[in-house]
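# Breakdown of the fold
Now for the letters of each chain:
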6 protein chains.
Amino acid sequence: MSVTEKILKLGLPKGSLQDSTLDLFAKAGFHFSVKSRSYFPSIDDDELEAILIRAQEMAHYVELGAFDVGLTGKDWIIETDADVVEVSDLVYSKASMRPVRWVLAVPESSSIQSVQDLEGKHIATEVVNIAKKYLEKHGVSAHVEFSWGATEVKPPELVDAIVEVTETGSSLRANKLRIVDVLLESNTKLIANKDSWNDPWKREKIENMAMLLQGAINAQGKVGLKMNAPRASLDSIIGIIPALRQPTIAHLADENWVALEVIVEEQVVRSVIPELKRAGAEGIFEYNISKLID
Amino acid sequence: MSVTEKILKLGLPKGSLQDSTLDLFAKAGFHFSVKSRSYFPSIDDDELEAILIRAQEMAHYVELGAFDVGLTGKDWIIETDADVVEVSDLVYSKASMRPVRWVLAVPESSSIQSVQDLEGKHIATEVVNIAKKYLEKHGVSAHVEFSWGATEVKPPELVDAIVEVTETGSSLRANKLRIVDVLLESNTKLIANKDSWNDPWKREKIENMAMLLQGAINAQGKVGLKMNAPRASLDSIIGIIPALRQPTIAHLADENWVALEVIVEEQVVRSVIPELKRAGAEGIFEYNISKLID
Amino acid sequence: MSVTEKILKLGLPKGSLQDSTLDLFAKAGFHFSVKSRSYFPSIDDDELEAILIRAQEMAHYVELGAFDVGLTGKDWIIETDADVVEVSDLVYSKASMRPVRWVLAVPESSSIQSVQDLEGKHIATEVVNIAKKYLEKHGVSAHVEFSWGATEVKPPELVDAIVEVTETGSSLRANKLRIVDVLLESNTKLIANKDSWNDPWKREKIENMAMLLQGAINAQGKVGLKMNAPRASLDSIIGIIPALRQPTIAHLADENWVALEVIVEEQVVRSVIPELKRAGAEGIFEYNISKLID
Amino acid sequence: MSVTEKILKLGLPKGSLQDSTLDLFAKAGFHFSVKSRSYFPSIDDDELEAILIRAQEMAHYVELGAFDVGLTGKDWIIETDADVVEVSDLVYSKASMRPVRWVLAVPESSSIQSVQDLEGKHIATEVVNIAKKYLEKHGVSAHVEFSWGATEVKPPELVDAIVEVTETGSSLRANKLRIVDVLLESNTKLIANKDSWNDPWKREKIENMAMLLQGAINAQGKVGLKMNAPRASLDSIIGIIPALRQPTIAHLADENWVALEVIVEEQVVRSVIPELKRAGAEGIFEYNISKLID
Amino acid sequence: MSVTEKILKLGLPKGSLQDSTLDLFAKAGFHFSVKSRSYFPSIDDDELEAILIRAQEMAHYVELGAFDVGLTGKDWIIETDADVVEVSDLVYSKASMRPVRWVLAVPESSSIQSVQDLEGKHIATEVVNIAKKYLEKHGVSAHVEFSWGATEVKPPELVDAIVEVTETGSSLRANKLRIVDVLLESNTKLIANKDSWNDPWKREKIENMAMLLQGAINAQGKVGLKMNAPRASLDSIIGIIPALRQPTIAHLADENWVALEVIVEEQVVRSVIPELKRAGAEGIFEYNISKLID
Amino acid sequence: MSVTEKILKLGLPKGSLQDSTLDLFAKAGFHFSVKSRSYFPSIDDDELEAILIRAQEMAHYVELGAFDVGLTGKDWIIETDADVVEVSDLVYSKASMRPVRWVLAVPESSSIQSVQDLEGKHIATEVVNIAKKYLEKHGVSAHVEFSWGATEVKPPELVDAIVEVTETGSSLRANKLRIVDVLLESNTKLIANKDSWNDPWKREKIENMAMLLQGAINAQGKVGLKMNAPRASLDSIIGIIPALRQPTIAHLADENWVALEVIVEEQVVRSVIPELKRAGAEGIFEYNISKLID
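How each quantity is defined
Residues numbered from 1 in each chain as written. Chains lettered and ligands numbered in written order. Predicted model: local features only at pLDDT ≥ 70, side-chain atom pairs only at ≥ 80, totals over all residues. Heavy atoms only, no water. Domains from an automatic or database assignment. Contact = heavy atoms within 4.5 Å. Buried area = accessible area lost by both parts, 1.4 Å probe. Salt bridge = Lys/Arg side-chain N within 4 Å of Asp/Glu carboxyl O. Helix = DSSP H or I, 4+ residues; strand = E, 2+ residues; numbered from the N terminus. Least-squares fit on C-alpha atoms with pLDDT ≥ 70 in both. Polar contact = N/O pair within 3.5 Å; in protein donor to acceptor, adjacent residues only side chain to side chain. Nonpolar A, V, L, I, M, F, W, Y, C, P; charged D, E, K, R; others polar. Buried < 20%, exposed > 50% of the residue type's maximum accessible area, 1.4 Å probe, protein only. Phe/Tyr/Trp six-rings, centres within 6.5 Å; stacked < 30°, edge-to-face > 60°. Lys NZ or Arg CZ within 6 Å of the ring centre and 35° of its normal. Arc of directions from axis to C-beta.

Glancing now at the domain arrangement of chain A. All names here are of chain A. Partitioning chain A into structural domains gives domain 1 (3–97 + 188–218), domain 2 (100–186) and domain 3 (222–288). Placing the centre of domain 1 and that of domain 2 at their C-alpha centroids yields a distance of 30 Å. Contact residues are listed per partner, giving ten residues for domain 1 and twelve residues for domain 2. When the two sides are added together, the surface that domain 1 and domain 2 hide from each other amounts to roughly 910 Å², 46% of it contributed by carbon and sulfur. The largest share of the area that domain 1 buries against domain 2 comes from D75, W76 and E79, three residues that together contribute 56% of it. One can count zero salt bridges joining domain 1 with domain 2. No other element matches the five residues that helix α3 (residues 74–80) contributes to the side of domain 1 that touches domain 2.

This is how it looks when you write it as structure tokens:
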């Protein structure tokens, strides 16, 4: 392979995921800078080239080989029926750690109670293929229309039902829609072109990227805790800590005490710290971490 | 017809045209108010109901009868092959009074020189049907892919050519693209559902709306001019004025003078005023008008 | 009176009404300029001095004579029981021309159906005195608590009912509250101190200000219309126009035509113009006016 | 106690303290999310329910039991004479670590020199009860008027003196006011309802919350320092460090050196680091901590 | 002269005057559009080309012939000692209609009382040549240093005195500076290159531009007034109106009344309207004008 | 030396460097707070006084002794020929770690190929002295004109060439300019007045400040890494780490493992972590540091 071929082409999702994606890459050690209105981020790694495109068309261009690797949702891989390698799941959406769901929804007051009631109805959606397969599977014949946006305001004025994505359901509720069925759960994935995956240099580069992205995601909900513990209480204190690994132990000048350090889930800290203090720990402090690779 | 049926359902374009459209309706005398993030503007006319939807899907929903009347581009009427009544042209886009054009564009350095060179190539566009018909007409077989956005940054990395809309060509130039051919010129149109057009009450309401919208558009590039003129120079002064209609003439206390009033194109004022002053007119002043119905 | 005493002290409402108030004064011919965060607007009239204070305390300071004249709501005059001269009503709120209402509201699901059901309950409001008098009038004993803000989110968690101001009721609906009774309708008023009103110089200054403010308000919903009319159709055309006064008539060079000019309500224009055109009027145009004193 | 009763109702201060309060809770491990214009933050703890209300009315609603626990200032507890448990002081205001002061202020040029000079004067303030008690204590009779805002611009045009809150005095200086006396110092407090405090489950929940909030406040002005020290200089280096606790000591491969780690006040670092380096420490680095519980 | 030479090159001031300048040109009938961060406005007149540059260097480039015509202050013409034609004064600054002044200012507490006290002192200014000539004229020797900005904060820390521009003096007061002397009054001017002025085609183009710019400035403080007047009161009503020219008179259907129309100074309207109404005028309305050429 | 003399006067650069400079000082432990539009930051160190002035005039005022110490570019020290002590280089500009360059640039299509072609030409620049010396050194005579801004848009309309500063060259390319020569490379420097440098108290204060600023800069591109390593693989793992110093080693409860901690360059982390993991390290995590003094 020639020197000039040692380039990995990366597709990044433009739009609502863009900022959190670039933020995730930065935490993973890849610092992109994007000029306002530009689609070509620059990056401090001569072996990487990136383009920002819509998540909806990512899988298509990874399949064609325009990108070696890209980030998109499982939903759009299915919708575009793209033949790509799914390298890893990346769950970093800010609003919630839960996957998004594509649901069939109708007006609260609609008489439609199940997919069977859709016969002959009009349905608006961004995922026309997914919706059509779903109807076909249930033996229902209906009009599926591509929706250019604001799908959730269309029923009942413009259509009878929609197939729409939701995280918490709050936008559906605000538009007085009722969920009838769930078609699909989806989350972000790192995907690779099949030929790129078979190229050893590209594959190692992609695997390292996947490891570092995962390390940055892992670190998001974790913190470091340090404390001084009386030797006499060491076992009971260790018993309290729901550590991901066993704690590090360091000396203090006073031999009756030791210093402990552990990485824990951030959300347990508010219950663990009061217990640790009651068990005799002192000088307990918490700090943030930016990557965690187990 | 029952009283409750005396409602005209109006589709307004969401997005880049929204503000200028609502502004135009306000000038025409229809004052909508839109709450942030709402798609249902309220209006001070009990016989009107409006919804904001994307221009791309307007013609479809007017054809289905979800709307009686709507605003969209000629391009999207053709793309969606919708069977609707084209009531009138509305040329009010702020950037330019020229119609927009859908063009075939390729990288400046591309070897593609005409539609014939597209054989087997990849083409990205928002108007898949228009592009396919164009290729078919020229006997060319190529891959036409729907583009979800940022079409102009795709060549040459992702596709070979694009079919994209342009007003001034500046975005194409900024992306180093060259125009190969023009597929279509387009401007905004007021369109009506065929059944609504046959309903006398709805038709009069639509025609009045068209007249008032056109009146507001007419007024945009026009101003009123008033001046005092010596009776002796009246003919030569009238000769200078490129009036849309004959001037109004009013008295002054001094019988040797008269007052003239005319509506003229705003863009001729800067050449006409110096001439009028040299011809003897005095106290020339200009004022703005908000509607003009000839 | 000495020259230096010829100063009229004016209180302007700080807060949500501030911009529309200063805008109204500008239309009336009084151009205030307010530096960011300053409470002392400067004005191009050496006989005027203005301070911005909350509408709630305006009537109190006008009564005390700290201001000669001020703008506030009828509601706050009543709440503070201030002894002032009510010079004129000023209806210029942007959201609606309707007066605001102070209403008794409870949660939609509350068992409270009338004022009688408030016995022993907790009520939050900004207008403690108005609420207490209302309860007293109905012989009900309840806890009325002053609310520092966000009154409409308090039921049912913090209180049982509220007395709150509303224009359209939309904020009440958004908080799932039901209106039980209306205590008071209110609009903005120009009020004067009693001694100032008895001073001839101040009174003329206040009356002129009232006339000009009213003139600016009058102009807001009116427009000027001009058109050319065939002499033969003059009567029928004049019959169509719902003019506030009889139209002005001017000559045209062509003696078979005359020019008409009238001031009409802006909201009738959209129905009148189509009629005028059908009746033979030509060159109809509309222009805006900035003051109208009948 | 049933499962459904295990809910702690928390009042959070709406307004200028809101962002710093939610930020403090986040550092303490309680992550609220507040939708724009909502008063009901959601929280990742099923045992907590929160409402945002003005600090002025917090103590009243904690006393009534509408909240189990809340944050407000000592000033408003006194002003509303609320009977609540003061759980702990929370000094986290961003502008300054000093408590705020309520002061009696008059125009720089006023003849008022002490509280005795207020006899018969007009005084504007938000804390009417505190002001009245202060005057009563000094045997002075004056008019105390509730001020709806912008109190500091009122003298001398509208009132003779004010009782107003100040942190640095800069707003008073900008309005050319002079401080005559200090009525009260105040800081934020965590307060609890008396019945809630007697409920063991609620009390432990409140005490844990107080501990974690205090831990987050403690961490704000502290940093961690690590360095390598020659064994020979260990004692002199430890002597330099104004550590909150004794340093942690860890090994290096080179046995002549040890690694030290301590938590210190951030503001001493700029004087300590140069000394440490001169005393032989190497590889000194500083890191941030997010909680510190001694 | 060839067709291609029929271009007038225009220099427009970049910076604080830019928006008001482009606004003035628009009112005069020249509609420039400036893309964000561009220095080359486009214009709807094929005979005009414009560049935005700093007012400080305008006169220099007009003298060199890089521009045929430009706008800058009299101050910078003097400072750069440029040999140009001063076509007309353009007084359109928003903050005030008064010319700006370049003043010698010192700290309020400085012992410097007159230019004579500057001997040996340090003076910071943007107009080094004007300051040096001023000192020379008074026989004083001092250090004049070019100031790159924020001149008014430099005394007394960095320099003893400044020569600085001021409109209202408020920035000087805010920095506690005292004005010792006025060196120069200045306002905006339209200037032309000497050769361009001698070219008949360019000269007429420049003179027309000057006339239209002046027309737009004239219109800013003027309004149109119309009213109906009883024939019996016509003379007394005309006597009240401080018209720039004699009023236009038009008929009404009722022969006892006439319609009057005049252009007046906007600032007299608030005193004239009450008088007109008292004299019997009815249906008085005011409208705005956009150009006025006497 | 008296107590009142123990003040160090510090000049900070106003403008584009301001935010990053104050941010750097904060990281170094000096927390300035700047009110909007103020030039006098306050600081939590009674021995420091700071003023914000333009970098262009900093060296001049440090030389005069108005400041004891200041930050500016090497370019402006040379341009103003100031006689100051250069204490240290501070490379903290955000856009790039490379020094900026002052270059001679001409339009892409210009015939100018080297400095020799500038004879008789017009050159615009902010660094008039540097440009003149450069021309003199090459024996070329040309017109060097001070440019007040937007230098890069002047060729070819207004001048033939420019001497302008550039970091990445992108602004030059956007204006279609070609670099002919590089006159100077420059970066930010901490400079001191010569007398201040000879004062022992001031010198120690300046040297400590330099050490802490450098410590903050050092920390920007570094992170801490911790991991657990099997004793058996310790040597190979240490061999992988490009540590700035030898790692700290701590115990774990399990004697077959040890904990390692090192500070490394952030940009090597993305290649080191995958290697460490393959070599057997576990529980690898990364954290940020805020100062690093070697």
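A word on the relation of the copies chain E and chain B. Turning chain E through 120° and shifting it by 0.1 Å along the axis lays it on chain B, with an RMSD of 0.1 Å. Taken together, these values place the two copies in the relation of a three-fold axis. Taking C-alpha positions as reference, the residue of chain E nearest the rotation axis is A250 of chain E, located at 3.3 Å.

Once chain C has been moved 0.0 Å along the axis and rotated by 120°, it coincides with chain B to within an RMSD of 0.0 Å. Here only 17% of the interface residues in chain C have copies in chain B that are interface residues too; the copies meet through unlike faces.

For chain B and chain D, which are not in contact, the least C-alpha distance works out to 12 Å. Chain F makes no contact with chain C, the minimum C-alpha separation between the two being 13 Å.

Facing 23 residues of chain C, the contacting portion of chain B comprises 30 residues. Both sides together, the interface formed by chain C and chain B hides about 2200 Å², and carbon and sulfur atoms give 49% of it. Seen at the junction of chain C and chain B, the total is four salt bridges. Between D44 of chain B and R270 of chain C there is a salt bridge whose closest N-O contact spans 3.2 Å. Joining chain C to chain B, the criterion identifies ten residue pairs in polar contact (both at pLDDT 80 or more). Residue classes in the side of chain C that touches chain B are distributed as ten nonpolar, five polar and eight charged.

Residues and elements named next belong to chain D. Among the ten residues in helix α2 (residues 55–64), seven count as buried, and that is most of the element. Residues A55, Q56, E57, M58, A59, Y61 and V62 constitute the buried set of α2. Backbone geometry just downstream of α2 places G65 in the positive-phi region, at approximately 95°.

One pass over the full model with this rule turns up 57 aromatic pairs over all chains. Pairing F146 of chain A with W148 of chain B gives two aromatic rings, centres 5.5 Å apart and planes at 80°, and the pair type is edge-to-face. Note that F146 of chain A is positioned in strand β9 (residues 143–146) and W148 of chain B in the loop between β9 (143–146) and β10 (161–166), a pairing that runs across two chains. Taking relative accessible area as the criterion, F146 of chain A reaches 28% and is therefore assigned partly exposed. In this structure W148 of chain B comes out as buried when scored by relative accessible area, which is 16%. Here a set of aromatic residues connected by ring pairs shows up, and it is made of W76, W102, F146 and W148 of chain A together with W76, W102, F146 and W148 of chain B. Note that K14 of chain E overlies the ring of Y39 of chain E, its terminal NZ or CZ placed 4.4 Å from the centroid.

All names here are of chain C. Listed as buried for helix α4 (residues 128–137) are V128, I130, A131, Y134 and L135. An end-on view of α4 places all buried positions within 165° of arc, on one side of the element. In this structure, α4 carries E136 and K137 as exposed residues pointing more than 90 degrees from its buried face. Along its buried surface, α4 packs onto α3 (74–79), β7 (100–107), β8 (122–125), β9 (143–146), β10 (161–166) and β11 (177–186). Directly after α4, the chain includes G139, whose backbone phi takes a positive value near 65°.

Along the chain, P155 of chain A connects to P156 of chain A via a cis peptide bond; the corresponding omega equals -5°. Position of P156 of chain A among the secondary structure elements: in the loop between β9 and β10 (161–166). Phi is positive for K176 of chain A, close to 55°, though the residue is something other than glycine. Positive phi is not limited to glycine here, since D81 of chain C has a value of about 50°.

Below, the discussion takes up the pattern of salt bridges. A complete count under the given rule lists 83 salt bridges over all chains for this structure. For the salt bridge of K205 of chain F with D45 of chain F, the shortest nitrogen-to-oxygen distance reads 2.9 Å. Here D45 of chain F lies in the loop between β3 (42–43) and β4 (48–54) and K205 of chain F lies in helix α7 (residues 200–220), a separation of 160 residues in the sequence. By relative accessible area, which is 15% here, K205 of chain F ends up buried. With relative accessibility at 8%, the residue D45 of chain F sits in the buried group. Note that K189 of chain F and E86 of chain F form a salt bridge whose closest N and O atoms lie 3.1 Å from each other. With K189 of chain F in strand β12 (residues 188–192) and E86 of chain F in strand β6 (residues 85–89), this pair connects stretches of sequence that are 103 residues apart. The exposure class of K189 of chain F is buried, given its relative accessible area of 10%. One connected set of salt bridges, linked through shared partners, spans K226 and E261 of chain A, K226 and E261 of chain D together with K226 and E261 of chain F.

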